[in-house]
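# Structure at a glance
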Amino acid sequence: MGLRLYDTHSRTLRDFTPRIPGMVSIYLCGPTVVVPPHVGQIRSQVNFDILHRWLKSSGYQVLLCRNVTDIEDKIIGRSLSEGTPWWRITDPVYRSFAGTYAALGCLPPSVEPRATGHVPEMVEMIEQLLAAGHAYESDGDVYFSVDSYPHYGSLSRQQPQHMRITEEYERGKRDPRDFALWKRARPGEPVWHSPWGEGRPGWHLECSAMARRYLGKEFDIHGGGANLIFPHHENEMAQSRAAGDAFARFWLHNGPVTHRGEKIRKRVRNPLAVRTLLDRVRAAELRYYLAAAHYRSPVEFSIEAVEEAAAAYRRVERFVLRVGAVAHDALPPQFRRAMDADLNVPQALSAVHAAVGEGNAALASGDRDLAARKCGSVRAMLNVLGLDPMSEIWAGETQLHEVAGAVLRVVRDLAAASAKQGDHERARIMERQIEKALAKRRQIQHPALIR
């Protein structure tokens, strides 16, 4: 049995066969570059990076298009409120996202288009929708007519008459459910030229145009967070299919990350920003935490859970570093079955930990050959998950972590001794030095995350 994936559109597990033999095309909704990334946003990228790696491990070539939304209402809102040009917001935030993806071991996409570089393709798609009667122009705005597309709501399983309105009911709309394809120019906003006057594209249209440009009118998988199912992905599918594109064959959505039961908000200063969390744990440990739950499951974030995941990863890491065997080409059958069953990473990690346990038992009994075989198997499995501590991306971090950890332990011991002797001021100075060392270590490892 081959790979089976849960398709959000059909609400079923389906056998996955790519449209073109040997080649898998994926469109992944990338970041809206308004503030640096928080842990909830990065989960999606880690989950789909594991899909990317599993497909490559299974012998497929992967064409991955991950977009960058660099013009959108939230970006414009921040630009206007801070009196800062929009591009001075988006460029450093984009670099922060790119640095975060690299820090967490995500493979680079095949192509990473920016919305602002594809306005002509968006204008072309709007013209097609107008010609087909699926859109209408009103005083410089252009709207998609929800009523003109009978399958609207099929992705999110909502009846159009019961849908919540997700856009402001603006003058000129025929139906409050209709959504903007083109927004006429407003004071202080960036604008582009179009047949309907100066303005800018609507957010939903951006992804449809970029997916068509790089993946064609039909592609294999569209991925993103479950929070995007409605209205964003619903609107994408409607406008693309109304324009004559078959669009995505599979829809995959990862579950949300919440904190204290609530959605994690996009804020400039966010305690759950990735750069802040990397003061507490290493990048590989944070990746392990984000990967450990099934991708469709919701995750309630807590720093305690992150630290537990970090401890679990370190147990695996210690075994691999102790034995140091070369990775095998062959993966254990139980690992393959787990990954083929809709990327069941929790079961796959069970296979990893079982092999680690067997390897440690072999070491205890003096059977170095068996320990080496188990280590090779563990490394092969971890490589699929992007977690092999001896891989190029993590090897340097592991060595730096070991040196820094040893130094910090010495400093903590000295601080504790000073405190016992009554020199509390010296102890406080040493503790501050520890915090500075931790921050410096992060800066050396992941300079792109500092901004």
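Structure first, text after, so check above.
Note that this is a predicted model, so its numbers are computed, not measured.

### Focus: the overall build of the protein
Along its length, the protein carries 14 helices and 13 strands. Within the protein, counting contacts between residues at least 6 apart in sequence, those at least 24 apart form 77% of the total. Carbon and sulfur atoms provide 51% of the accessible area of the protein, an area that totals close to 20,100 Å².

### Remarks on the sheet that holds strand S5 (residues 135-138)
Strand pairing in a sheet is mediated by backbone hydrogen bonds. Such pairs are either parallel or antiparallel. Taken together, four strands build an open sheet; the order of strands is S5-S6-S7-S8 and the sheet is antiparallel. Across the chains shown, the open sheet's two edge strands, defined by having one partner strand only, are S5 and strand S8 (199-201). Between one strand axis and the next, the sheet turns by 20° as a mean value, whatever way the strands run. Across three bridges, the pairing between strand S6 (residues 141-144) and strand S7 (residues 179-184) is antiparallel. Looking at the pairing, Phe-144 lines up with Phe-179 of S7. Along the sheet, helix H4 (residues 119-131) contacts S5, S6, S7 and S8; its crossing angle with S7, the most-contacted strand, is approximately 120°.

### Observations regarding the sheet that holds strand S9 (residues 218-225)
If you walk across this open sheet you meet the four strands as S4-S3-S9-S10, and the pairing is parallel. Each edge of the open sheet carries a strand with a single partner, namely strand S4 (61-66) and strand S10 (247-254). For this sheet the average axis-to-axis angle between neighbouring strands, irrespective of direction, equals 25°. Relative to S9, strand S3 (residues 23-28) runs parallel, the two being bridged by three bridges. Note that in S9 the partner of Ile-26 across the bridge is Ile-221.

### Section: unusual backbone geometry
Cis geometry marks the peptide bond from Phe-230 to Pro-231; its omega dihedral reads 10°. Note that Pro-231 resides in helix H6 (residues 229-242). With a phi angle near 55°, Asp-139 is a residue other than glycine that sits in the positive phi range. The residue Asp-139 is located in the loop between S5 and S6 in this model. Phi is positive for Leu-343, which is not a glycine, with a value near 55°.

### Re the pattern of salt bridges
Under the defined criterion, the tally for this structure stands at 24 salt bridges. Arg-14 serves as the salt-bridge partner of Asp-7, at 3.0 Å between the closest nitrogen and oxygen. Given the relative accessible area of 3%, Asp-7 is considered buried. The partner of Arg-66 in a salt bridge is Glu-112, and the shortest N-O contact between them spans 3.0 Å. Here Arg-66, found in strand S4, pairs with Glu-112, found in the loop between helix H3 (86-103) and H4; they are 46 residues apart in sequence, far enough to count as distant. A relative accessible area of 6% places Arg-66 in the buried class. Through salt bridges with shared partners, one network takes in Asp-73, Lys-183, Glu-189 and Arg-200.

### What to know about the nonpolar core
Burial of nonpolar side chains together is a common tendency in soluble globular proteins. Within the largest apolar cluster, 79 residues are counted, with the highest numbers of intra-cluster contacts made by Val-39, Ile-221, Leu-286, Phe-335, Met-339 and Val-378. Counting residues per element, this core draws most heavily on helix H9 (residues 303-323), at 10 residues. Not counting the four nearest positions on each side in its chain, Phe-335 is found in contact with Trp-54, Ala-348, Ala-351, Met-381, Val-384 and Leu-385. In this structure, Leu-129, Ala-135, Cys-207 and Ala-209 belong to the second largest nonpolar core, which totals 42 residues.

### Notes on the packing of aromatic side chains
All told, the structure shown has 12 aromatic pairs when counted by the stated rule. On the numbers, 6.3 Å between centres and 55° between planes, the contact of Trp-86 with Trp-192 is tilted. A residue pair is termed long-range when its members are at least 10 positions apart, and Trp-86 in helix H3 and Trp-192 in the loop between S7 and S8 qualify at 106 residues. Between the aromatic rings of Phe-219 and Phe-247, the centroid separation amounts to 5.1 Å while the plane-to-plane angle is 80°, which identifies the pairing as edge-to-face. Separated by 28 residues along the polypeptide, Phe-219 in strand S9 and Phe-247 in strand S10 bring together distant segments of the chain. Accessibility assignment for this pair places Phe-219 and Phe-247 in one class, buried. Joined through ring pairs, the aromatic side chains of Tyr-27, Phe-219, Phe-247 and Trp-251 make up one cluster. The aromatic ring of Tyr-136 is capped on one face by Arg-174, whose charged end is 4.0 Å from the ring centroid. Over the ring of Tyr-6 we find Arg-296; its NZ or CZ atom is 4.2 Å from the centre of that ring.

### A look at the side chain of Ser-79
By the secondary structure assignment, Ser-79 is in helix H2 (residues 73-82). What makes Ser-79 buried here is its relative accessible area of 11%. A polar side-chain atom of Ser-79 sits 2.5 Å from the main-chain carbonyl oxygen of Thr-84. Here Ser-79 is in contact with Thr-84, Pro-85, Trp-86 and Ile-89, once residues within four sequence places are set aside.

Scoring rules and cut-offs
- Residues numbered from 1 in each chain as written.
- Predicted model: local features only at pLDDT ≥ 70, side-chain atom pairs only at ≥ 80, totals over all residues.
- Heavy atoms only, no water.
- Helix = DSSP H or I, 4+ residues; strand = E, 2+ residues; numbered from the N terminus.
- Contact = heavy atoms within 4.5 Å.
- Areas by Shrake-Rupley, 256 points an atom, 1.4 Å probe, with all protein chains shown as cover.
- Pairing = 2+ DSSP bridges.
- Axes fitted to C-alpha atoms, helices over the stretch in contact; angles between N-to-C directions.
- Salt bridge = Lys/Arg side-chain N within 4 Å of Asp/Glu carboxyl O.
- Buried < 20%, exposed > 50% of the residue type's maximum accessible area, 1.4 Å probe, protein only.
- Core = buried A, V, L, I, M, F, W, Y, C linked by side-chain atoms within 4.5 Å.
- Phe/Tyr/Trp six-rings, centres within 6.5 Å; stacked < 30°, edge-to-face > 60°.
- Lys NZ or Arg CZ within 6 Å of the ring centre and 35° of its normal.
- Polar contact = N/O pair within 3.5 Å; in protein donor to acceptor, adjacent residues only side chain to side chain.

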